[in-house]
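Working through the structure, step by step
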Amino acid sequence: MRILLVEDEDEMASALSAVLKSYDMLADRATSLMEAAEIMLAGAYDAILLDRNLPDGDGISLIPKLRAKAIPTPVIVLTARGQLSDRVTGLDTGADDYLAKPFAVEELLARLRAVWRRAADLQPDIVRLGRLSFNLNHCEAEVDGQLLELPRRELLVLQTLMRRMGRTVVRSSLEAAVYSLDEEVQSNALDTHVSRLRRKLTEAGAGVEIHGIRGVGYLLRAAS
Ligand code: CA
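Here's what I pulled together on the structure shown here. Owing to the predicted nature of the structure, the values given are computational and were not obtained by experimental measurement. (Residues numbered from 1 in each chain as written. Predicted model: local features only at pLDDT ≥ 70, side-chain atom pairs only at ≥ 80, totals over all residues. Heavy atoms only, no water.)

**Focus on the environment of Gly 94**
Relative to the elements of secondary structure, Gly 94 occurs in the loop between helix H4 (84-92) and strand S7 (97-100). Excluding anything up to four places from it in sequence, Gly 94 contacts Ile 63 and Arg 67. (Helix = DSSP H or I, 4+ residues; strand = E, 2+ residues; numbered from the N terminus. Contact = heavy atoms within 4.5 Å.)

**A closer look at the coordination of the calcium ion**
Taken together, the protein ligands of the calcium ion are Asp 8 (OD), Glu 9 (OE), Asp 51 (OD) and Asn 53 (O), with distances of 2.2 to 2.8 Å. We classify Glu 9 as partly exposed; its relative accessible area is 42%. (Donors = N, O, S within 2.8 Å, 3.2 Å for Na, K, Ca; no water. Buried < 20%, exposed > 50% of the residue type's maximum accessible area, 1.4 Å probe, protein only.)

**Overview of helix H6 (residues 152-163)**
With 12 residues, H6 ought to run about 16 Å at 1.5 Å a step, and its terminal C-alpha atoms sit 16 Å apart, in line with that. Burial runs high along H6: nine of the 12 residues are buried. By the burial criterion, the buried members of H6 are Glu 154, Leu 155, Leu 156, Val 157, Leu 158, Gln 159, Thr 160, Leu 161 and Met 162. (Expected span 1.5 Å × (residues − 1).)

**Describing the packing of helix H7 (residues 171-178) against helix H8 (residues 189-203)**
Relative orientation of the contacting elements H7 and H8 amounts to 80°, with a least axis distance of 10 Å. Comparing their axes, H8 and H7 come out roughly perpendicular. Here H7 contributes Arg 171, Leu 174, Glu 175 and Val 178 to the contact with H8, which in turn contributes Leu 190, Asp 191 and His 193. A class-by-class count of the residues in the contact of H7 with H8 yields three nonpolar, one polar and three charged. (Axes fitted to C-alpha atoms, helices over the stretch in contact; angles between N-to-C directions. Parallel < 35°, antiparallel > 145°, perpendicular 65-115°, else oblique. Nonpolar A, V, L, I, M, F, W, Y, C, P; charged D, E, K, R; others polar.)

**Some points on the pattern of salt bridges**
Per the stated rule, a full pass over the model turns up 15 salt bridges. Across the salt bridge formed by Arg 52 and Asp 58, the nearest N and O atoms sit 2.6 Å from each other. Under the relative-accessibility criterion, Arg 52 is labelled buried at 3%. Arg 67 is the salt-bridge partner of Asp 96, the closest N and O atoms lying 3.0 Å from each other. Taken together, the positions of Asp 96 in the loop between H4 and S7 and Arg 67 in helix H3 (residues 62-68) put the pair 29 residues apart, joining distant regions of the chain. Using a relative accessible area of 29% as the deciding quantity, one classes Asp 96 as partly exposed. Taken together, the salt bridges that share partners define one network made up of Glu 7, Asp 51 and Lys 101. (Salt bridge = Lys/Arg side-chain N within 4 Å of Asp/Glu carboxyl O.)

**So, the nonpolar core**
Counting 31 residues, the largest nonpolar core has Leu 132, Phe 134, Leu 158, Met 162 and Leu 201 as its most contacted members. Every element with two or more residues in this core is listed here: strand S8 (126-129), strand S9 (132-135), strand S10 (140-143), H6, H7, H8, strand S13 (208-213) and strand S14 (217-222). Per element, the largest residue contribution to this core is six residues, and it comes from H6. Not counting residues within four places of it along the chain, the set of residues in contact with Leu 132 comprises Val 127, Ala 141, Glu 142, Val 143, Leu 158, Met 162, Leu 201, Ala 206 and Val 208. Among the nonpolar cores identified, the runner-up in size contains 20 residues, and Ala 37, Ile 60, Ile 63 and Ile 71 belong to it. (Core = buried A, V, L, I, M, F, W, Y, C linked by side-chain atoms within 4.5 Å.)

**Some details on the sheet that holds S9**
Reading across from one edge, S8-S9-S10-S11 is the order of the four strands in this open sheet, with antiparallel pairing throughout. Sheet topology places S8 and strand S11 (146-148) at the edges, where each strand pairs with a single neighbour. Averaged over all neighbouring strand pairs, the angle between strand axes comes to 30°, with direction disregarded. Pairing geometry for S8 and S9, over four bridges, is antiparallel. When the bridges of S9 are listed, Val 127 appears paired with Phe 134. Each of S8, S9 and S10 is contacted by H6, which is oriented at about 100° to S9, the strand it contacts most. (Pairing = 2+ DSSP bridges.)

**Re the environment of Thr 202**
Within the secondary structure, Thr 202 sits in helix H8. Considered as a pair, Thr 202 and Ala 223 are 21 residues apart in the sequence and their alpha carbons are 9.5 Å apart.

**Considering H7**
Residues of H7 that are buried: Arg 171, Leu 174 and Val 178. Buried residues in H7, looked at end-on, bunch into an arc of 65°, giving them a common side. In this fold, the buried residues of H7 make contact with H6, strand S12 (169-170), H8 and S14. (Arc of directions from axis to C-beta.)

So, in structure tokens, the structure goes:
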């Protein structure tokens, strides 16, 4: 799990990073709104822990920007402002949860597990991004209601990316989705499927783009 920690206070940030690391979660850190906006739109996070009082503004102003890009990464707002009205504002803005400082590490971990569980439960049969809709049960892609005919492996790549849209899917997960264990996989076979799929999506005007992260994997997002 990869977490983006948006926190300007060094002591708080290093304590949290250490805790997350001890639970095998990687934490990247941003110390301002501006920095966070840049990093989070790369979309490679499983959760964002967001401080409200940042040097250049209120952390929750980031949430609408995230959702506007169809990035569903769960956001837990961490703040010293524990007042009811602030909690309501935070949740109304699209935060998935709200945690007032100081908090126990166990509570933070429990809430992270809860947002991930909820995200998994809410996964619908049909997911949409741009003009593309994908039926996860039937493994069918449509652009504006027109069936998009794709070879099986390209469909499986697209299915895996749609399931985790806005987040990086590592190469090994994509290969595992596309090939059975006993198949010999050429090292560049995945890239070939992805580049064909990318071309077909563009030709069909799907309004999505497959962004490659060199040596790591791919992520699907709305075309910019
Ligand atoms: Ca702060």
